[in-house]
Amino acid sequence: MSAEQTFDVVVIGAGSTGENVADTVVRGGLSAALVESELVGGECSYWACMPSKALLRGTEVLEEARAVPGAAAAVTGEQDVAATLERRNSFTSNWDDSGQAQWVDGAGITLVRGVGRLDGEKRVVVTSSDGTQTVLLANHAVAVCTGSAAAVPPVEGIEDVDVWTAREATSAQEAPGRLVILGGGVVGTEMATAWSALGSQVTLLQRGDRLLAGQEPEAGDAVAESLRGRGVDVRLGTSVSAVRKDGEDVVVVTGAGEVRGDRFLVAAGRKARTEGLGLETVGLTPGEYLDVDDSLRVRGLDWLYAMGDANGRALLTHMGKYQARQGGAAIVARAQGHQVSLADWSQFVATADTAAVPQVTFSVPQVASVGITAEQAADRGLPHTVVRYELGDVAGSALFADGYAGKAVAVVDTEREVLLGVTFVGPGVSEMLQAATIAVVGEVPISRLWHAVPAYPTMNEVWLRLLETYRG
């Protein structure tokens, strides 16, 4: 017989999004159960953001030091691969989630380990590893925060090959001799950067005509040039038709011939982790992203919410956490009988998902962007102009590194004279992104931005140059 427990809110998935939903509702005075079948902390903590950036940080530091005479003389050796991997391991707590589980308990959240599955309205059945079942009943809401998984394309023979996804690429305990990567998005370019610097011979295959296709063209062009300069074989316009094993080799068949490697990393997008979730018991289709309104409530159901990658709106850790805070606040307000405003930028909605998504690709050079690109502005029929400036032409960049090369791109709404999007490409630009995010979210008029004086000599002086270029 199954045990039965009742909570105000049941959250399925204890990644960073689920943790934030549970924390938000508990802080709002509700009780919450948090269900997890793997590691508390989820993808970001163990197989994505944290381990990948730990793999990349040493390369970034060395690049910066070598670009400054005087400091460059101190760089007398190569990166210690074993030490880099060990530091990466430390950021994942060696894939031990006891610290995060302790935080959950300290936050007043009940952690239930096992596979959670919907079983009708406001009812979740959790099956533990020993087969024991617990039924969790929700007074107010169930939140699906199960995230996404790597999408493996239906390439001939791929099911017979032990492919890597982002999980294996970020947790590997040694550098593969030859690494073939399918996909030139964020995962593909970051892992090409990381593993080529740690000793792998890397081939990067991209079906489209540029890397980082969702970004401004300057971003993909700069990253491709950099990767090629460090020995990565970047092949654009290349489709994969088949994969097979040949002894210890993985053979990847393309239109231009075969590529051999020791490991084959598939970085070709994501898919919703909503299979086996019991969605059919509440009239929804398993395996699909959950369609939600701006308060993150699933359309057609007044008790079911989906935050983070499970809804497909903005597949980034920080956006999932943002949705968790916004949707969690909506759950609390509705539970307390308060009105929930769905107006843009209210405290209960995730407007930034469509207007101001910030993102950093930690390649060399870095790419930092927020808002929409020029292409997206055109697709939406928005009146706009594009302003570009060489980031290396400001004094702060010259001080940062000899021969600094980078770009700044701003998309300006010419009717309202506000920023629609900003992209920076270059070393160290990630720390410039929040100012751009505030400008886009706040719809700060260009006339007011003139009074935001950048400190000299910093790279932020590019803001003044962008405004001057816009005004002519």
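The structure under discussion appears in the preceding block.
Predicted model, so just to flag it, every value in this text is computed and none were measured.

**Notes on the pairing of strand β21 (residues 418-426)**
For step 1, the next point in the chain: Where burial is concerned, most of β21 is hidden: 9 out of the 9 residues are buried.
For step 2, the next point in the chain: Both strand β18 (residues 366-371) and β21 contribute to a ladder of 6 bridges, which runs antiparallel. Bridge pairing in β21 links valine 367 to valine 425.
For step 3, the next point in the chain: In this structure, strand β20 (residues 407-413) lies alongside β21, joined through 7 bridges in antiparallel fashion. Paired with valine 412 across the strands is leucine 419, a residue of β21.
For step 4, the next point in the chain: In sequence, β20 turns back onto β21 through a hairpin of 4 residues, with glutamate 417 there showing a positive phi of about 55°.

**Here's the deal with the environment of alanine 151**
For step 1, the next point in the chain: For alanine 151, the location among the structural elements is in the loop between β7 (148-150) and α6 (166-171).
For step 2, the next point in the chain: As for alanine 151 and alanine 272, which are separated by 121 residues in sequence, their C-alpha atoms are 8.9 Å apart.
For step 3, the next point in the chain: The residues contacting alanine 151, other than those within four sequence positions of it, are Val266, Ala268, Gly269, Arg270 and Lys271.

**Here we look at the state of the cysteines**
Joining two cysteines, a disulfide is a covalent bond between their sulfur atoms.
For step 1, the next point in the chain: Scanning all chains against the criterion turns up 0 disulfides.
For step 2, the next point in the chain: Distance from the sulfur of cysteine 145, which forms no disulfide, to the nearest cysteine sulfur (cysteine 44) is 14 Å.
For step 3, the next point in the chain: Overall, the relative accessible area of 7% leaves cysteine 145 in the buried class.

**A short note on the pattern of salt bridges**
For step 1, the next point in the chain: Applying the stated criterion across every chain yields a total of 27 salt bridges.
For step 2, the next point in the chain: Linking arginine 66 and glutamate 78 is a salt bridge whose minimum nitrogen-to-oxygen distance equals 4.0 Å. Pair noted here: arginine 66 is in helix α3 (residues 49-66) and glutamate 78 is in the loop between α3 and α4 (81-91), with a separation of 12 residues, a long-range link.
For step 3, the next point in the chain: Its relative accessible area of 39% is what places arginine 66 among the partly exposed residues.
For step 4, the next point in the chain: Glutamate 78 sits in the exposed class, given a relative accessible area of 70%.

**Quick look at the packing of α3 against α4**
For any two helices packed against each other, the geometry is given by the interaxial angle and the distance between the axes.
For step 1, the next point in the chain: Closest axis-to-axis distance for the α3/α4 pair is 9 Å, and the angle between their directions is 155°. With respect to α4, the element α3 is oriented roughly antiparallel. For α3 against α4, the interelement crossing comes out right-handed. Within the contact between the two elements, α3 uses Met50, Pro51, Ala54, Leu55 and Arg57 and α4 uses Thr84, Leu85, Arg87, Arg88 and Phe91.
For step 2, the next point in the chain: For the contact of α3 with α4, the residue count by class is 6 nonpolar, 1 polar and 3 charged.

**Let's talk about the nonpolar core**
Generally speaking, a soluble globular protein has its nonpolar side chains buried in company with each other.
For step 1, the next point in the chain: Counting residues in each nonpolar core, the largest one holds 83 residues, and the members touching the most others are Leu118, Leu136, Val142, Leu419 and Phe424.
For step 2, the next point in the chain: Ranked by the residues each element gives to this core, the list is headed by strand β6 (residues 133-144), at 6 residues.
For step 3, the next point in the chain: Leaving out residues up to four positions away in the same chain, phenylalanine 424 has contacts with Gln366, Val367, Ala368, Lys407, Ala408, Val429, Met432, Ala436, Val462 and Trp463.
For step 4, the next point in the chain: Within the second largest apolar cluster, 27 residues are counted, among which are Trp164, Ala169, Leu211 and Ala224.

**Some points on the packing of aromatic side chains**
For step 1, the next point in the chain: Counted under the stated rule, the structure contains 4 aromatic pairs.
For step 2, the next point in the chain: On the numbers, 6.5 Å between centres and 50° between planes, the contact of tryptophan 164 with tryptophan 195 is tilted. Pair noted here: tryptophan 164 is in the loop between β7 and α6 and tryptophan 195 is in helix α7 (residues 186-197), with a separation of 31 residues, a long-range link.
For step 3, the next point in the chain: Classification of tryptophan 195 by relative accessible area gives buried; the value is 0%.
For step 4, the next point in the chain: Measuring from centroid to centroid gives 6.0 Å for phenylalanine 424 and tryptophan 463, while their planes differ by 75°, and the two rings are edge-to-face. Remark: tryptophan 463 occurs in helix α15 (residues 462-471) and phenylalanine 424 occurs in strand β21; sequence separation between them is 39 residues. This pair shows no difference in class: phenylalanine 424 is buried, exactly as tryptophan 463 is.
For step 5, the next point in the chain: Arginine 167 extends its terminal NZ or CZ atom over the ring of tryptophan 47, reaching a point 3.7 Å from the ring centre.

**Examining the sheet that holds strand β17 (residues 359-361)**
Hydrogen bonds between backbone atoms are what pair the strands of a sheet, whose relative direction is either parallel or antiparallel.
For step 1, the next point in the chain: Strand order in the open sheet formed by 5 strands is β17-β18-β21-β20-β19, with antiparallel pairing between adjacent strands. Each having just a single partner strand, β17 and β19 (384-390) make up the two edges of the open sheet. Taken pair by pair, the neighbouring strands of this sheet meet at an average axis angle of 15°, ignoring direction.
For step 2, the next point in the chain: In the packing of helix α8 (residues 217-229) onto the sheet, the strands contacted are β18, β19, β20 and β21, and the crossing angle to β21 comes to about 5°.

The rules behind the values
Residues numbered from 1 in each chain as written. Predicted model: local features only at pLDDT ≥ 70, side-chain atom pairs only at ≥ 80, totals over all residues. Heavy atoms only, no water. Buried < 20%, exposed > 50% of the residue type's maximum accessible area, 1.4 Å probe, protein only. Helix = DSSP H or I, 4+ residues; strand = E, 2+ residues; numbered from the N terminus. Pairing = 2+ DSSP bridges. Contact = heavy atoms within 4.5 Å. Disulfide = S-S within 2.5 Å. Salt bridge = Lys/Arg side-chain N within 4 Å of Asp/Glu carboxyl O. Axes fitted to C-alpha atoms, helices over the stretch in contact; angles between N-to-C directions. Parallel < 35°, antiparallel > 145°, perpendicular 65-115°, else oblique. Left-handed = near helix turned anticlockwise from the far one by under 90°. Nonpolar A, V, L, I, M, F, W, Y, C, P; charged D, E, K, R; others polar. Core = buried A, V, L, I, M, F, W, Y, C linked by side-chain atoms within 4.5 Å. Phe/Tyr/Trp six-rings, centres within 6.5 Å; stacked < 30°, edge-to-face > 60°. Lys NZ or Arg CZ within 6 Å of the ring centre and 35° of its normal.

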